[in-house]
Amino acid sequence: DVKVTQSSRYLVKRTGEKVFLECVQDMDHENMFWYRQDPGLGLRLIYFSYDVKMKEKGDIPEGYSVSREKKERFSLILESASTNQTSMYLCASSLGSFKGNSGNTIYFGEGSWLTVV
Amino acid sequence: GQQLNQSPQSMFIQEGEDVSMNCTSSSIFNTWLWYKQDPGEGPVLLIALYKAGELTSNGRLTAQFGITRKDSFLNISASIPSDVGIYFCAGQYAGGTSYGKLTFGQGTILTVHP
């Protein structure tokens, strides 16, 4: 079974703090993703990575950065947390399109609930 | 960008009833995926479809990849209370370089009354 593990399930941070959300996958997947999910807005892609040290902006990258130093680990960084970044954050991974269409299947972690006060 | 319309937005049904929901896109997709999300948890993959016309079952769940490659449906037969949750469709756009990015529907909220 694919396992995507997010290090923190619940976090409360203060405005202006630097926040790290960590994600690890154990299936040697090429692609990793960070989404945020808000009521009425669905799943929105923040950043994704298709290889070590490679990153691409998603639909809402402002206020976020990412790091992928190792294939299995993808970190989301909030440089200076703000209250409008209170949300559920979901990490996901997929094998990679070079494996055919089945490589597009994304597997999600359990989610990290971040509250910024 | 690609658009995905998922319907219905919500459903209230009695235990034992069958459920059907669908997604349509403005573009051709080469992959359709269906997920279920329980409150406070991440989405869990239910069914993956990779070929036009493909019909796949997973227990009481059946999903199909539309022939036009622009739609997919999910059926749940004989619903039970634990089917409650949000169901998402997702698709992989067939054109361009997407690096595996998916387009997601807005979700169908399913409520099952015992």
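Residues numbered from 1 in each chain as written. Chains lettered and ligands numbered in written order. Predicted model: local features only at pLDDT ≥ 70, side-chain atom pairs only at ≥ 80, totals over all residues. Heavy atoms only, no water.

**Notes on the packing of aromatic side chains**
All names here are of chain A.
Okay, so step 1: If you walk through the whole model with that rule in mind, you get 9 aromatic pairs over all chains.
Okay, so step 2: Here F33 and F48 contribute two aromatic rings whose centre-to-centre distance is 6.1 Å and whose plane-to-plane angle is 20°, an arrangement assigned as stacked. Here F48 lies in strand β5 (residues 42-49) and F33 lies in strand β4 (residues 31-38), a separation of 15 residues in the sequence. This pair shows no difference in class: F33 is buried, exactly as F48 is.
Okay, so step 3: For the pair Y64 and Y89, a centre-to-centre distance of 5.9 Å together with 65° between the ring planes defines the contact as edge-to-face. (Phe/Tyr/Trp six-rings, centres within 6.5 Å; stacked < 30°, edge-to-face > 60°. Helix = DSSP H or I, 4+ residues; strand = E, 2+ residues; numbered from the N terminus. Buried < 20%, exposed > 50% of the residue type's maximum accessible area, 1.4 Å probe, protein only.)

**Focus on the pairing of strand β9 (residues 85-93) of chain B**
All names here are of chain B.
Okay, so step 1: For β9, the buried fraction is high: 7 of the 9 residues fall into the buried class.
Okay, so step 2: Direction of pairing for strand β4 (residues 29-37) relative to β9: antiparallel, over a ladder of 8 bridges. Within β9, the residue paired with W32 across the bridge is G91.
Okay, so step 3: Taken together, the 3 bridges between β9 and strand β11 (residues 108-113) define a ladder with antiparallel strand orientation. Residue pairing across strands places G85 opposite L110, the latter belonging to β11.
Okay, so step 4: Relative to strand β10 (residues 103-104), β9 is paired through 2 bridges, and the arrangement is antiparallel. Within the sheet, the bridge partner assigned to A90 lies in β10 and is F104. (Pairing = 2+ DSSP bridges.)

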